[in-house]
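A closer look at the structure
For reference, the chains in residue letters:
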Amino acid sequence: MVDERRRERDLILAPNEYAFILDETKGNIVNYVGPHKTSLANTDQPVVFDSTSKRFIRCELFEAIRQFAIAPEGWYLVVKNPSQDGKDPKTGTANSLPDLDVGKKVNIPGPMAFVPWPGQMVRVLQGHHLRSNQYLIVRVYDEEAAKKNWKKAVIKLQNTENSDTSKNKNEGELDLTMGKQIVIKGTEVSFYIPSTGVEVVIDEDGEYVRNAATLERLEYCILLDENGNKRFIKGPAVVFPEPTEAFVEKDGARKFKAIELNEISGLYVKVIAPYEEDGKSYKVGDELFITGKDQMIYFPRPEHAIIRYGKAEVNYAVAIPAGEARYVLNRITGKIDLNTGPVMLLPDPRKEVIVRRVLTQKQVSLWFPGNQEALEYNNKLMQQVKNDKGEPYVEVDALSMGSSIAAPMAKSMKKEKVLEDGFVGDDFKRDKGYTPPRTITLDTKYEGAVSINAWTGYAFLVVSKTGSRKVVVGPNSCLLEYDETLEPIELSTGTPKTDKNLFKTVYLRVLHNKVSDIVDADTKDFCEVAIRLSYRVNFEGDSEKWFNVENYVKFLTDHMRSLLRSVIKRYGVEEFYRDGVSIIRNAILGEQKEGEKRPGRVFQENGMRIYDVEVLDLQIKNHLLSNLLIETQQKMIQQALELDMSKKILEVTKEREKIQQEIETSKADTKKVKLELEKNEITQQRDVILSKIETEIFAEQQKLNYALKKQSVLNDISEAKLERERERSDFELSVKEKEMLQRVQELQADIESIVKKAEAVSPHLIAALQQFSDVALVEKVAESMSPLAILGGKSVAEVFGQLVKGTILEKIGSPDSKTPSK
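Now for a description of the structure that goes with this document. (Residues numbered from 1 in each chain as written. Predicted model: local features only at pLDDT ≥ 70, side-chain atom pairs only at ≥ 80, totals over all residues. Heavy atoms only, no water.)

Helix and strand content of the protein: twelve helices and 53 strands. Classification of the 822 residues of the protein by burial places 33% in the buried group. Counting only contacts in the protein whose residues sit at least 6 apart along the sequence, the fraction spanning at least 24 positions is 64%. On the protein, roughly 53200 Å² of surface is accessible, and the fraction owed to carbon and sulfur atoms is 51%. (Helix = DSSP H or I, 4+ residues; strand = E, 2+ residues; numbered from the N terminus. Buried < 20%, exposed > 50% of the residue type's maximum accessible area, 1.4 Å probe, protein only. Contact = heavy atoms within 4.5 Å. Areas by Shrake-Rupley, 256 points an atom, 1.4 Å probe, with all protein chains shown as cover.)

Structure follows, in C-alpha cells:
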C-alpha cells in the first residue's frame, strides 16, 4: 500500500509534457517540464489553469499533465500574458513562475513548441491562405507593438514565389492606431500570419477568411458603409469591401442582375442626390422615367431610388387592340383622356395612370340591357372600389383584364434564382390606387361649388380637414371649400324629451328657440307632481361655442330636470300647488329685482341662455290629494270673503277708537308734562344730596389715607429703635468680654509676681502657699466668670474648666481635688 501511494505521488513527465504543481504551504506554482521525474510532498497539489475563469483548478495528478503547444510550419501561436524577460520554461527541470505582462498578447509564428507559464493562455492557429477572391480583416489591438513588429508579419505575395517574410505595404503608409482595421486582399497576398499587435477578425460564422464578391457582366452589388453611404459596383470585378462596409443582401444573395429594358417598358426613378450626366444636371427630388429608348440595360446608382407601385418595379406597356380604348388620368391636371387603339400604350407614371370607369347598376342596365357579363364585370369594379375605400377609379392592374406584351418577358426573368427577383437599393413605395379629391354632390345639375344658405335665426358649423372651424349665422350664404363639410348635430325629440328618436340636422336655431319638456318631481312630503314647461332659448356670445354640445336639447332638459327636482323637494305639496309657477320661474330665471328683467340661466358650455319659461301645466298625480286641495282652496276662498267683511267692520271700529284715543292722548300728554316737571325737581334735590355724600366720603377717605401713612412711619421708627437696641446690646457684650479678658490677664500677672517672690521659700512652704494662692485665684476667677456663665447658659464650673484646661489650676478646679487644711 505504501509503495502504491508513493507511485501515485510520483510525477513522471515524458518529453513535450508539463504540469503545474501548487505548493499549498506557500502558494507558489511550479512548472515541471519533461522529461522529468519527481516525488510530490503531501502539500503539493496538482492544478490546471482555466482560461475562462482565469483561475487555477485543483485536479488529479494525471489530469495536470498537459502537452506542449506545438505550431508547425505555416501555423502560429497567440500567447496572452507573456513573460517580461521573454524566456520560456527550461525542459527537464522545475521552473518557478517569473513576472508576466498581464493583459499583453504576442503572436509567434511556427515552427514552435511552446511551454506556457502558469497563468498564460495559448492558442494555436493555422496561417491564413487566401485565394484571389478572398480577404482578411485585421485589427490593431496594440499600437506600439504593431508599429514595432509590422515587418515581422509572415506575408507571401501573389506575384512572387519567394516565401520569405515581406510586406505588401510600407508601415509608414498605414494608419496603425488602436482599433484600426485593415483589409488584406487575396489579389495581393496569398498567405498571411499577423505580427504582434495585430489580430485577424472573425466573421459572423466564426471564420477568419472571408469571400469577396465575384461579379460577372450584367451583375452588380451594393456596399453599405457605416456612415450610410452606398457604393454600387458593376461587374466583371472582384469586390473587396472596406472594413466599415458590408454587402447589402436580399433573400441571402448579395449579387444582383441588371434590369433589362425595351421600348415598351420603363423604370420610375426618384433622384435622391444631385449629379451630372452627359452634360445635364439633376437635382434632388427630380423624377425620371427611364425607358428602353434611353437605356437598354439599367444599373442602379446611389443617386437613384426606384418608385414602385405594389411589388412591380418595371412599368410595362398595355396592348390596346383596334376598336378598344383606355381611360388615362392626368395626375397633374386631373383630366381624363380617351386613348383608342391599335396602340401599345406605355403611360408616363410621373403624370399618367390608366383607370377604369365604374358605372352604377342603373347605368349598366340602361346602357347594356340584358348583358349579364357586363353587369358582373361592373360589380367586380364596384367591389374593388369598396376594397379601395371608396375610390371612384380602379387601376388596370387591380383586375386580371387586358393584355400586356411585356408580361411574358417578366416571367422569363424569374427563371434565375434570386438575382433576377427584383431591384435592391433605395426605393419609394406608393399605393396602387388613385386617391381622388373629396367632393360633395347635391345634384348632377350643380357643377359648381356647393352653396349653403342660412335662414334668419339659424346657424351652421363649417369644418375642414385641416381643423379650421367657422360658424355662419343667418341670414347669410356660404360657399364650401373643397375639403369643407357641415358638422351635424343630433337633437332629442318627444315630450318629455328622450334619446329614442334623435333628429339629425346641420342647422341650429339660435334665436327664439322653443324647447318643451315634462318634469316629474317629488315634494317635501313625498307627493308626486308633473310640470309641463316650455323654455325660450337664445344662443349668445362667442359663436364658436354654440356647437360644443352635440345634443343641446338633452343637455338643457337634463340639467333643468335635476335643478327643478332639487328645488321642489324643499316645498310641501300645498305650498308648491299654491306658488308653483313663481317657484319654478325663480329657480330657472332667477329672482326679479325691482325695475329690472330676470337674468335668465346661462350655459357656459355652449353659450345657450334661457331668457323665459312658460309653465303650461302643473298636476298632482295623486287624484285624491288633488281633490282635497281643490276643496281646501274653495273653503279658503269662502273664509277669505268672511275675513274681508270682518276687516271692514274692524276698520270702522278702528276709526272710532282712534278719535277717542286722540282725546285720551291729549289728556295724557298734559298729565305727562306735570309729572315731568315734578321729576325734574326731585332729580335736582337728589343731585344736591349726592354731592354732599360724595364730599363726606372724600374727606373720610383722606383721613384714612393720612392715618395709613402715619402708621407706616411709626412702623419704620419702631424698627429703627429695635435695630439701635440690638446694636447697643452687642456692643455692651463685647465690652464685658474684653474687660473679663483684661481682668484674667491682670490676675495672671499677679500670680506670676507672687511666684517669683516665693522662689526663695522652701519647697513645702512654696507648695502650701501655692495651694492657697491657687484656691484664692480660683475663687476670684469664679466670681469674675459668673456673668459669662449666665450669658453662655453654662455652669461656672464648666466655664472655669474650659478656661484653665492644660494649666496647674486644672487640678484645683476639678471636683476631685482636695483643698489643704488650714
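A general tendency of soluble globular proteins is for nonpolar side chains to be buried together. Leu 533, Tyr 535, Leu 556, Leu 564, Ile 588 and Ile 610 are the most contacted members of the largest nonpolar core, which totals 40 residues. Only β43 (458-464), β47 (489-493), β50 (513-522), β51 (528-539), α7 (552-568), α8 (573-589) and β53 (608-620) provide two or more residues apiece to this core. Those residues in contact with Leu 556, other than ones at most four positions away along the chain, are Val 515, Tyr 535, Val 537, Phe 603, Met 608 and Ile 610. Residues Val 78, Leu 130, Leu 176 and Tyr 192 belong to the second largest nonpolar core, which totals 23 residues. (Core = buried A, V, L, I, M, F, W, Y, C linked by side-chain atoms within 4.5 Å.)

Further remarks concern a nonpolar patch on the surface. Taken together, the side chains of Ile 689, Leu 690, Ile 693 and Ile 697 make up a nonpolar region of the molecular surface, amounting to roughly 370 Å² of accessible area. For Ile 697, the location among the structural elements is in helix α9 (residues 623-757). Residue Ile 697 is classed as exposed on the basis of its relative accessible area of 52%. (Patch = residues over 30% accessible without salt bridge, like charges linked within 9 Å, V, L, I, M, F, W, Y side chains within 5 Å. Salt bridge = Lys/Arg side-chain N within 4 Å of Asp/Glu carboxyl O.)

Once that is clear, we can look at the pairing of β50. Going residue by residue along β50, you find Asn 513, Val 515, Asp 517, Val 519 and Ala 521 tucked away on one face and Lys 514, Ser 516, Ile 518, Asp 520 and Asp 522 left uncovered on the opposite face. What sits between β50 and β51 in their antiparallel hairpin is a turn of five residues, with Phe 526 showing a positive phi close to 60 degrees. (Pairing = 2+ DSSP bridges.)

Okay, α8 next. The largest bend along α8 reaches roughly 80 degrees and is located at Asp 579. For α8, every residue scored as buried is listed here: Val 573, Phe 576, Gly 580, Ile 583, Ile 584, Ala 587, Ile 588 and Leu 589. In the stretch just after α8, Gly 590 is the one whose phi turns positive, near 90 degrees. (Bend = angle between axes of the 7 residues up to and from the residue.)

Within the open sheet, the three strands sit side by side as β11-β9-β13. Their pairing is antiparallel. The strands lining the two open edges of the sheet, one partner per strand, are β11 (105-109) and β13 (121-126). Ignoring strand direction, the axes of neighbouring strands in this sheet form an average angle of 20 degrees. Here strand β9 (residues 75-80) runs beside β11; their pairing, made up of five bridges, is antiparallel. Bridged to Val 79 within β11 is Val 106. (Axes fitted to C-alpha atoms, helices over the stretch in contact; angles between N-to-C directions.)

Okay, α7 next. An ideal rise of 1.5 Å per residue puts 24 Å on 17 residues; α7 measures up with 24 Å between its terminal C-alpha atoms. Buried within α7 we find Tyr 552, Val 553, Leu 556, Thr 557, Met 560, Arg 561, Leu 564, Val 567 and Ile 568. Here the buried residues of α7 occupy an arc of 155 degrees about the axis, which is enough to place them on one side. (Expected span 1.5 Å × (residues − 1). Arc of directions from axis to C-beta.)

α8 packs onto α7 with a crossing angle of 135 degrees between their chain directions and a minimal axis gap of 11 Å. Classed by the angle they form, the pair α7 and α8 counts as oblique. Where α7 crosses over α8, the handedness of that crossing is right-handed. Each of Met 560, Leu 563, Leu 564, Val 567 and Ile 568 in α7 lies in contact with α8, whose residues at this interface are Phe 576, Ile 583, Ile 584, Ala 587 and Ile 588. (Parallel < 35°, antiparallel > 145°, perpendicular 65-115°, else oblique. Left-handed = near helix turned anticlockwise from the far one by under 90°.)

For Ser 195, the location among the structural elements is in the loop between β18 (189-193) and β19 (198-200). Ser 195 has contacts with Asn 107, Asn 149, Trp 150, Lys 152 and Ala 153, leaving out every residue within four places of it along the chain.

The next subject is the pairing of strand β22 (residues 219-225). β22 sits mainly inside the fold: six of its seven residues count as buried. With two bridges connecting them, β22 and strand β26 (residues 256-257) associate as antiparallel partners. Across the sheet, Tyr 220 pairs through a bridge with Phe 256, a residue of β26. Where β22 folds back onto strand β23 (residues 230-234) in an antiparallel hairpin, the turn is made up of four residues, including Gly 228, whose phi is positive at roughly 95 degrees. In this sheet, strand β25 (residues 245-247) lies alongside β22 in antiparallel orientation, the contact comprising three bridges. Bridging from a neighbouring strand, Leu 223 pairs with Phe 247 of β25.

Our focus in this paragraph is the sheet that holds strand β14 (residues 128-129). Across a sheet, strands are paired by hydrogen bonds formed along the backbone, either parallel or antiparallel in direction. Strand order in this open sheet of three strands is β14-β18-β16, and the pairing throughout is antiparallel. Edge positions in the sheet fall to β14 and β16 (154-157), since each has one partner strand and no second. The pairing of β14 with β18 spans two bridges and is classified as antiparallel. Considered in β18, the bridge of His 129 is made with Phe 191.

With that settled, consider the environment of Glu 17. Along the chain, Glu 17 falls in strand β2 (residues 17-23). Each C-alpha atom, one on Glu 17 and one on Gly 34, is 5.3 Å from the other, the two residues being 17 residues apart in sequence. Not counting the four nearest positions on each side in its chain, Glu 17 is found in contact with Ile 12, Tyr 32, Val 33, Gly 34, Ile 65, Arg 66, Gln 67 and Phe 68.

Applying the stated criterion to the full structure yields 13 aromatic pairs. Taking 5.4 Å as the distance between ring centres and 55 degrees as the angle between the ring planes, the aromatic pair formed by Tyr 18 and Phe 20 counts as tilted. For Phe 20, a relative accessible area of 6% corresponds to the buried category. Three or more aromatic residues joined by ring pairs form one cluster here, namely Tyr 18, Phe 20, Phe 49, Phe 56 and Phe 68. It is Lys 105 that lies over the ring of Tyr 141; its NZ or CZ is 4.4 Å from the centre. Sitting over the face of the ring of Tyr 275, Arg 301 holds its NZ or CZ atom 4.2 Å from the ring centroid. (Phe/Tyr/Trp six-rings, centres within 6.5 Å; stacked < 30°, edge-to-face > 60°. Lys NZ or Arg CZ within 6 Å of the ring centre and 35° of its normal.)

In this section: the pattern of salt bridges. Side chains that carry opposite charge are capable of pairing whenever their charged atoms lie near each other. Applying the stated criterion to the full structure yields 22 salt bridges. Of the charged contacts in the structure, one is a salt bridge between Asp 142 and Lys 104, with a shortest N-O distance of 3.7 Å. One end of the pair, Asp 142, is in the loop between β15 (134-140) and α3 (143-149); the other, Lys 104, is in the loop between β10 (93-96) and β11, and 38 residues separate them in sequence. We classify Asp 142 as buried; its relative accessible area is 17%. For Lys 104, a relative accessible area of 42% gives the class partly exposed. For the salt bridge of Lys 270 with Glu 287, the shortest nitrogen-to-oxygen distance reads 3.1 Å. Taken together, the residues Lys 270 in strand β28 (residues 265-271) and Glu 287 in strand β31 (residues 287-291) connect sequence positions 17 residues apart. Taking the relative accessible area as the measure of exposure, Lys 270 reaches 18% and is therefore buried. Each member of the salt-bridge network shares a partner with another, and the members are Asp 499, Asp 517, Lys 554, Asp 558 and Arg 561.

Here Gly 186 is to be found in the loop between β17 (181-185) and β18. When the C-alpha positions of Gly 186 and Arg 131 are compared, they lie 5.3 Å apart, and in sequence the two are 55 residues distant. Apart from residues no more than four positions distant in its own chain, Gly 186 is found in contact with Leu 130, Arg 131, Ser 132, Gln 134, Tyr 135, Gln 158 and Phe 240.

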